[in-house]
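Structural description and commentary
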Amino acid sequence: MPPLPAATARHARFPAFIAVLALGVGRPAPAPAQQEFTEDEPSLPSVTATVFRRFADRVVKIEVVETGSAGKASVGSGFFVGPDGELITNYHVIADVVHEPERYRAEAVQHDGQRVPAALVAVDVVHDLALVRVATSPPSFFGLRETPVEQGARLYSMGHPADLGLSIVEGTYNGPLRHTLYERIHFTGSLNPGMSGGPAITASGRVVGINVATAGNQLSFLVPTQRAAELLAGAGAAEDAPGNLIETIGRQMRDYQDAYLEALFEDSVPTVVIDGYRLPTEPATFFNCWADVTTFDEDPYTIREHHCSTDDYLFISRDHFSGILEIDHELITSDEFGRVRFFSLYSTEFRASHRALDGSETDVTAFRCRASNVRRLNLKFRAAFCVRRYRRFEGLYDVVFKLAALGTGRPGLVSTLTMSGVSFENAQRVVRRYLESITWIE
Amino acid sequence: MRDRFRVTSFPATIGRGYASDVILDDAYVSPQHARLVITPEGNVVLEDLGSTNGLRVAGSRVPRAALHPGAQVRLGHTTLRFATPDTPVAPALHDGLTDPRLNTVRSKRSAVVALLAGLAAFVLWSWGESIERITAADLVGEAIGVMAGIAMWAGVWALASRLAVHRFEFLAHVTVASTAVAVIFVYTELGSYVQFLIPAPAVAAAVAIGGVAWGAAWLYGHLSFASRLTPHRRFAWATSITVGLLVVGWVLTLAEQESFSVFTDDPGVLKPVPAGLVPARSVDDYVAELAELKAEVDGLVD
């Protein structure tokens, strides 16, 4: 994911003030009638240039190097946060080193060109942060104190986009995202791959967030500074063994899914009525829901789809993403088909594998499934529960639960609940609540 | 064995010439090749009469050979085996092809009835499966396709019959193939309903085995008209071949199951049965049962 540039809001006023000052002090107002542009007219001092000059020393390039060929496999950014060479970067920048330490190592390239090995000290996989340490002491470093910022403030993001050298990008602070599962700050600015892990700062050098992702078109995201502060405060001094880091990642994921799944479906769930069925929708604020008709007018049947998902995901490793929740309802009606052909259509939709969760053989097992006919109040369902386990992390599973409402004389309903990176007990509980939240009211 | 000669008086001459007692129509046998004599002791001896290619016993050329029951001697390109009159022979085989019960299957009437049944079953099934708009013309086109397919399949078997039993038996093969087509579509549909009502792996396995039985019966039907095997042996052959194919198929699916996939299993076909008739368990029972899956998937992690 490309990191985003951060701009500080507060200091937007400052440059304007400076600019005004500079203009007032440096040059007499020219006579209005004869204004000529001459080459030695001084330009306004650029705040961005000043910010860059003041803080470039604190930002490094982080390279993940493949030990066999000694070539860089990936590039990201990081910044100093302490006098003893502590660096903050994204977890996804150094994930390869965590999962394959015999094959990859991390190196930091300082602004003065010095290249030093970087040791992994701690990770926070939920917030996509990592703490690494180099042996050198930086001339200066960023603090991680919480910085109050207002909407629209100017921020500056620094990093190494596309490995083109340390760059600075101006942007706007647009506040924390309200409806996400993973904390993010909305930054409007052009961040590009390679800037991940770099700091987004105010003009005075206060870190507001850490570059983490972009959706293109100046739509970018930062991790809030407080999380990096917590990571730094909670970490030990020494390099942590890769095995311990893997265990830590597993524990962080388990704790996090326990936290956000705890309330899911426990209280009353918002529902929507479609074609006579009352169906669960937007079970929590971190879901985003869409609906549409997916067939054409000339088709002999109509399929209406209602879809809710968490928009973001957890990066675990290059081939493994987790932490996604999805609800998908499909309602099938037909005026033209008799019962037999309607059920052929219904079967086809039910059996179609709409979306397979990705994953490689080393990360997850194959799915194991069980299908049954289940009854609940005035409805009967064919329910298919499929589960697979994470190979490297204890107690974490991906679950795909699919159901179809049975019986003639009502529209077809195919409903799918997908959960990745959850404990089995939570999956069972949520599946039960999900089944209980679907009713037929007509 | 190409022929048998009975020799009643000795000495008896053997050769290609018309004057020989035993005439061998072999270009490499001399006109007067050998002579069968009985010695004073009562042994039968074959003597070379100065032939071009001689007598060969076990590959070596000999001027005379003492014959005991079962002895083989080669003259030219013909091998002769000596046997006494009391040598036992197997009883006659039953000609399965002349079984009168097969005559109904051979008739034109059964072929027409079976063909219509097969086409009807296919067309009904195809219409039921279609989820696009179809016209009568589409269905007629499909029926013609199936008819052509049956005709070609029956034609291949008819050729096999011609080679094996010197009769085409084309109509009989059409009847067999059409009946098999009708049965398989009816059986598949019934099987789907059963699996829909009871979605257990054991039920799916039973339906699959039924399908295998159908395959064996179909092969049995064709073998009845393409061989002279008795019903017993037809059954044995049909079953062995079908089971053999099944084992190969099973080994291949085993290999595929071991391989990794990101896809979930088929959740099963849905059938238009009124909800009241569908056996179903409670949500509690279902959710509790899911714990077995956890054990299964945990077992995949070594």
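Residue positions are counted from 1 within each chain, in the order its sequence is given. All chains are assigned letters beginning at A, and all ligands numbers beginning at 1, according to the order in which they are written. Where totals are concerned, whole chains, interfaces and linings use all residues; where local detail is concerned, this predicted model gives features only for residues with pLDDT of at least 70, and gives and counts side-chain atom pairs only at 80 or more.

Quick word on the overall build of chain B
We count it as follows: A run of H or I in DSSP becomes a helix once it reaches four residues, and a run of E becomes a strand once it reaches two; helices and strands are each numbered from the N terminus.
What chain B contains, in helices and strands, is eight helices and ten strands. Across its three principal directions, the C-alpha atoms of chain B cover 100 × 60 × 30 Å.

Some words on the overall build of chain A
Keep this limit in mind: The contact criterion used here is simple: two residues whose C-beta atoms, placed from the backbone, lie within 7 Å are in contact.
Summing up its helical and strand segments, chain A has seven helices and 25 strands in all. Sequence separation of 24 or more characterises 66% of the internal contacts of chain A that already satisfy a separation of 6 or more.

Description of the environment of Asp 284 of chain B
Residue placement: Asp 284 of chain B occurs in helix α7 (residues 283–289). On a C-alpha basis, the gap between Asp 284 of chain B and Phe 185 of chain B in space is 37 Å, while along the polypeptide they are 99 residues apart.

Side note on the interface of chain B and chain A
As a reminder, the rule being used: For this scheme, ten residues count as nonpolar: Ala, Val, Leu, Ile, Met, Phe, Trp, Tyr, Cys and Pro. Four count as charged, namely Asp, Glu, Lys and Arg, and the remainder, Gly too, count as polar.
Taken residue by residue, the interface counts 37 residues in chain B and 52 residues in chain A. The set of elements that each furnish at least two residues to the side of chain B that touches chain A consists of α2 (108–129), β10 (281–282), α7 and α8 (291–298) of chain B. For the side of chain B that touches chain A, the leading source of residues is α8 of chain B, giving five residues. Across the side of chain B that touches chain A, the residue classes tally to 22 nonpolar, six polar and nine charged.

Quick look at the nonpolar core
Selection rule: By our criterion, buried Ala, Val, Leu, Ile, Met, Phe, Trp, Tyr and Cys residues that link up through C-beta atoms within 7 Å make up a nonpolar core. Three classes are used. A residue is buried when 20 or more other C-beta atoms lie within 10 Å of its own, exposed when 12 or fewer do, and partly exposed in between, with C-beta atoms placed from the backbone. Domain extents, as shown, originate in an automatic or database domain assignment.
The biggest cluster of nonpolar side chains holds 127 residues, and the ones touching the most others in it are Leu 87, Ile 94, Phe 385 and Ala 404 of chain A. There are two domains that each give this core at least three residues, and those are domain 1 (45–240) and domain 2 (252–440) of chain A. Ala 172, Phe 185, Tyr 220 and Leu 229 of chain B belong to the second-largest nonpolar core, a separate cluster that totals 27 residues.

Brief notes about the sheet that holds strand β2 (residues 22–23) of chain B
All names here are of chain B. Rules: Two strands pair if DSSP finds at least two bridges between them.
On the basis of which strands lie adjacent, the open sheet formed by five strands has the order β2-β1-β3-β4-β7 and mixed pairing. The outermost strands of the open sheet, each flanked by one partner alone, are β2 and β7 (64–67). Sheet analysis places strand β1 (residues 12–15) next to β2, joined by two bridges and oriented parallel. Within β2, the residue paired with Ile 14 across the bridge is Val 22.

Considerations on the pairing of strand β18 (residues 314–317) of chain A
All names here are of chain A. Relative to strand β19 (residues 320–322), β18 runs antiparallel, the two being bridged by three bridges. Paired with Ser 317 across the strands is His 320, a residue of β19. Hairpin connection from β18 to β19: two residues lie between these consecutive antiparallel strands.

Observations concerning unusual backbone geometry
The residue after Phe 10 of chain B, namely Pro 11 of chain B, is reached through a cis peptide bond having omega -5°. Tracing the sequence through the fold places Pro 11 of chain B in the segment before β1. Even without glycine at this site, Ala 70 of chain A takes up a positive phi of about 55°. Given 8 C-beta atoms within a 10 Å radius, Ala 70 of chain A is considered exposed.

Some words on the sheet that holds strand β14 (residues 271–274) of chain A
All names here are of chain A. Pairing in this open sheet of three strands is antiparallel, and the strands run β14-β15-β25 from one edge to the other. Looking at strand neighbours, the two that pair on one side only are β14 and β25 (439–440), the edges of this open sheet. Pairing between β14 and strand β15 (residues 277–280): four bridges, direction antiparallel. Bridged to Val 273 within β15 is Arg 278.

Some points on the domain arrangement of chain A
Residues and elements named next belong to chain A. If you check the domain split of chain A, you get domain 1 (45–240) and domain 2 (252–440). With centres defined by C-alpha atoms, the gap from domain 1 to domain 2 works out at 37 Å. Contact residues are listed per partner, giving 13 residues for domain 1 and 16 residues for domain 2. In terms of residue count, helix α3 (residues 91–99) provides more of the side of domain 1 that touches domain 2 than any other element does, five residues in total.

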